[in-house]
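Here is what each chain is made of, one letter per residue.
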Protein chains: 2
Amino acid sequence: MALPEPIEHLISLLKRFPGVGEKSARRMAFYVLQQGAGYGEELAQAVLSMNSRLTTCEKCGNLTELQPCPICSDPLRDRSLLCVTETIEDLVSIEHSGLYNGLYFVLGMSLSPLEDRESLPENVLHRLLRRFEEYPIREVIIATNPKIEGDMTFYALLEALRDVPVKKSRLAYGLPVGGSIEFADRVTLHAALESRQEVRE
Amino acid sequence: MALPEPIEHLISLLKRFPGVGEKSARRMAFYVLQQGAGYGEELAQAVLSMNSRLTTCEKCGNLTELQPCPICSDPLRDRSLLCVTETIEDLVSIEHSGLYNGLYFVLGMSLSPLEDRESLPENVLHRLLRRFEEYPIREVIIATNPKIEGDMTFYALLEALRDVPVKKSRLAYGLPVGGSIEFADRVTLHAALESRQEVRE
């Protein structure tokens, strides 16, 4: 039996979430039903309001309601450190560890030959290089994920920054190889940040 | 770092889904953001529309847009068989197996002494007993879950139906003990339906 169309439709949308299969989506839809109209309205409103109120920071690419974002405009952050991540989620995980006090730059992508992304887009590189003109940056921490795509992105960044005279480092392979920064625990992230290694060219 | 309020709010709502923790909720919220406004609007609309369009069938308690539900009004179903379930999800799983062609009655609850539900509510019993006046029912299949709550519900139903002269059966313990009907696979459900056992009083 197919369920009534309105719930099947919601299930089909929930199934598109990463890591959510048919049965989980079904449970979630039933949960919404069982909570009654109040929860459903709050959920719908939260989705719409998030999409309308949030944007990405023009400087670093972080999620924000303000321009620039609270990290970029925080006078207490160390402006001589720049951490480059592939995604906003990676930024959030590093920020969440509480161990980093510099600024960020979110690429918003990673190289992936399988998906025909073999080089960093010009506009991303342009925005990144502009960061070095604003403040005297002392070190760039390239925090790409310990996977093929992350490694390729790392080397592309290294090449792009070849003529920029700053120290370049990458997160140590304390990260489990094949894993992702987003799901690393605090201790692993700590090890990876502490033992980050300078890249010698 | 806390994320911006609009996304934290959505995460807090998503975290309330069964089986969804902080990290999954975060991934889901980011997924919504990354899909752009179209997906978010469709999702919000699907939640609202499901809540406004769906109700429970007055006869059996199934989810439906119509009264009575498509199962209750289907002339090809065997009206001499009545399957009693604790929840709509259980009804859906049994229906999904494709092995049952009778009608249903959803209790919408189960007994649970820990949560102070020690007997079946009068109105539920009243609605259930009325079903036996409508059609000549030949057999009641009590499809409660193989757990303490399900067992207690089973015996309460048996007691409530003591004076009703129909065959009573329950799903066989082909179901994994401690599990739930909702997550049983098709083969297990098949075994449980096929080897359902008549209850002798």
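From a predicted model like this one, the values you see are computed outputs, not experimental measurements. (Residues numbered from 1 in each chain as written. Chains lettered and ligands numbered in written order. Predicted model: local features only at pLDDT ≥ 70, side-chain atom pairs only at ≥ 80, totals over all residues. Heavy atoms only, no water.)

1. Overview of the domain arrangement of chain A
Partitioning chain A into domains gives domain 1 (5–53) and domain 2 (56–198). Taking the mean C-alpha position of each, domain 1 of chain A and domain 2 of chain A sit 32 Å from one another. (Domains from an automatic or database assignment.)

2. Regarding the relation of the copies chain A and chain B
The operation relating chain A to chain B is a screw motion whose rotation component is 179°, with 0.0 Å of axial translation and a residual RMSD of 0.1 Å. In short, the pair behaves as if placed about a two-fold rotation axis. Taking the C-alpha atom as reference, chain A places Ala44(A) closest to the rotation axis, 2.0 Å from it. An overlap of 98% is found between the interface residues of chain A and their copies at the interface of chain B, pointing to a shared contact surface. (Least-squares fit on C-alpha atoms with pLDDT ≥ 70 in both. Contact = heavy atoms within 4.5 Å.)

3. Things to note about the confidence of the model for chain A
Residue and element names in this part refer to chain A. For chain A, the average pLDDT comes to 88, and 95% of its residues sit at 70 or higher. At the low end of the mean pLDDT range in chain A sits strand S7 (residues 197–198), at 66; at the high end sits strand S4 (residues 102–106), at 96. Overall fold confidence (pTM) sits at 0.74, and the ipTM for the predicted complex is 0.74. (pLDDT = per-residue confidence, 0-100. Helix = DSSP H or I, 4+ residues; strand = E, 2+ residues; numbered from the N terminus.)

4. Description of the nonpolar core
Ile7(A), Phe17(A), Ile7(B) and Phe17(B) are the most contacted members of the largest nonpolar core, which totals 132 residues. Beyond its immediate sequence surroundings of up to four residues, Phe17(A) is in contact with Met28(A), Met28(B), Tyr31(B), Val32(B), Tyr39(B) and Leu43(B). (Core = buried A, V, L, I, M, F, W, Y, C linked by side-chain atoms within 4.5 Å. Buried < 20%, exposed > 50% of the residue type's maximum accessible area, 1.4 Å probe, protein only.)

5. Quick notes on the pairing of S4(A)
All names here are of chain A. Of all five residues making up S4, five are buried, and the element is well covered by its neighbours. Sheet analysis places strand S3 (residues 78–85) next to S4, joined by five bridges and oriented parallel. The partner of Val-84 across the bridge, within S4, is Phe-105. Taken together, S3, helix H4 (residues 88–97) and S4 form a β-α-β motif whose crossover is right-handed. (Pairing = 2+ DSSP bridges. Right-handed = clockwise from strand over helix to strand, strands pointing away.)

6. Re the pattern of salt bridges
The final tally for this structure, using the stated rule, is 20 salt bridges over all chains. We note a salt bridge from Lys15(B) to Glu22(B), for which the minimum N-O separation is 3.0 Å. Note on Lys15(B): relative accessible area 37%, which makes it partly exposed. Salt bridges sharing common partners tie together Glu5(A), Arg53(B) and Glu65(B). (Salt bridge = Lys/Arg side-chain N within 4 Å of Asp/Glu carboxyl O.)

7. Observations regarding the interface of chain A and chain B
On the chain B side, the residues contacting the 56 residues of chain A number 55 residues. Both sides together, the interface formed by chain A and chain B hides about 5400 Å², and carbon and sulfur atoms give 71% of it. Across the chain A-chain B interface, the total number found is two salt bridges. Taking the shortest distance from any N to any O, the salt bridge between Glu5(A) and Arg53(B) comes out at 3.3 Å. In this structure, the connection of chain A to chain B is made through ten residue pairs in polar contact (both at pLDDT 80 or more). (Buried area = accessible area lost by both parts, 1.4 Å probe. Polar contact = N/O pair within 3.5 Å; in protein donor to acceptor, adjacent residues only side chain to side chain.)

8. Some remarks on the packing of helix H2 (residues 22–35) of chain A against helix H3 (residues 37–53) of chain A
All names here are of chain A. Two elements in contact, H2 and H3, have axes whose closest approach is 5 Å; the angle formed by their N-to-C orientations is 120°. On the basis of their axis angle, the class for H2 and H3 is oblique. Listed contacts from H3 to Tyr-31, Val-32 and Gln-35 of H2 are Ala-37, Tyr-39, Gly-40 and Leu-43. For the contact of H2 with H3, the per-class residue count stands at five nonpolar, two polar and no charged. (Axes fitted to C-alpha atoms, helices over the stretch in contact; angles between N-to-C directions. Parallel < 35°, antiparallel > 145°, perpendicular 65-115°, else oblique. Nonpolar A, V, L, I, M, F, W, Y, C, P; charged D, E, K, R; others polar.)

9. Here we look at the packing of helix H1 (residues 5–14) of chain A against H2(A)
Residues and elements named next belong to chain A. Where H1 contacts H2, the axes come no closer than 9 Å and their chain directions differ by 125°. Compared by their axis directions, H1 and H2 come out oblique. Of the two elements, H1 crosses H2, and the hand of that crossing is right-handed. Contact with H1, carried on its side by Ile-7, Leu-10, Ile-11 and Leu-14, involves Glu-22, Ala-25, Arg-26, Met-28, Ala-29, Phe-30 and Leu-33 of H2 and no other residues of that element. The residue makeup of the contact of H1 with H2, split by class, is nine nonpolar, no polar and two charged. (Left-handed = near helix turned anticlockwise from the far one by under 90°.)

10. Some remarks on helix H5 (residues 122–134) of chain B
Residues and elements named next belong to chain B. In this model, H5 (13 residues) spans 19 Å end to end at C-alpha, consistent with the 18 Å of a helix rising 1.5 Å per residue. Restricting attention to buried positions, one finds in H5 the residues Val-124, Leu-125, Leu-128, Arg-131 and Phe-132. Along the axis of H5, the buried positions cluster into a sector of 110°, meaning they face one direction only. Set apart from the buried face of H5 by more than 90 degrees, the exposed residues are Glu-122, Asn-123, His-126 and Glu-133. (Expected span 1.5 Å × (residues − 1). Arc of directions from axis to C-beta.)

11. Some details on the state of the cysteines
Tallied over the full model, the rule gives zero disulfides over all chains. Summary of cysteine pairing: Cys72(A) is not part of a disulfide, and the nearest cysteine sulfur, belonging to Cys60(A), is at 3.7 Å. (Disulfide = S-S within 2.5 Å.)

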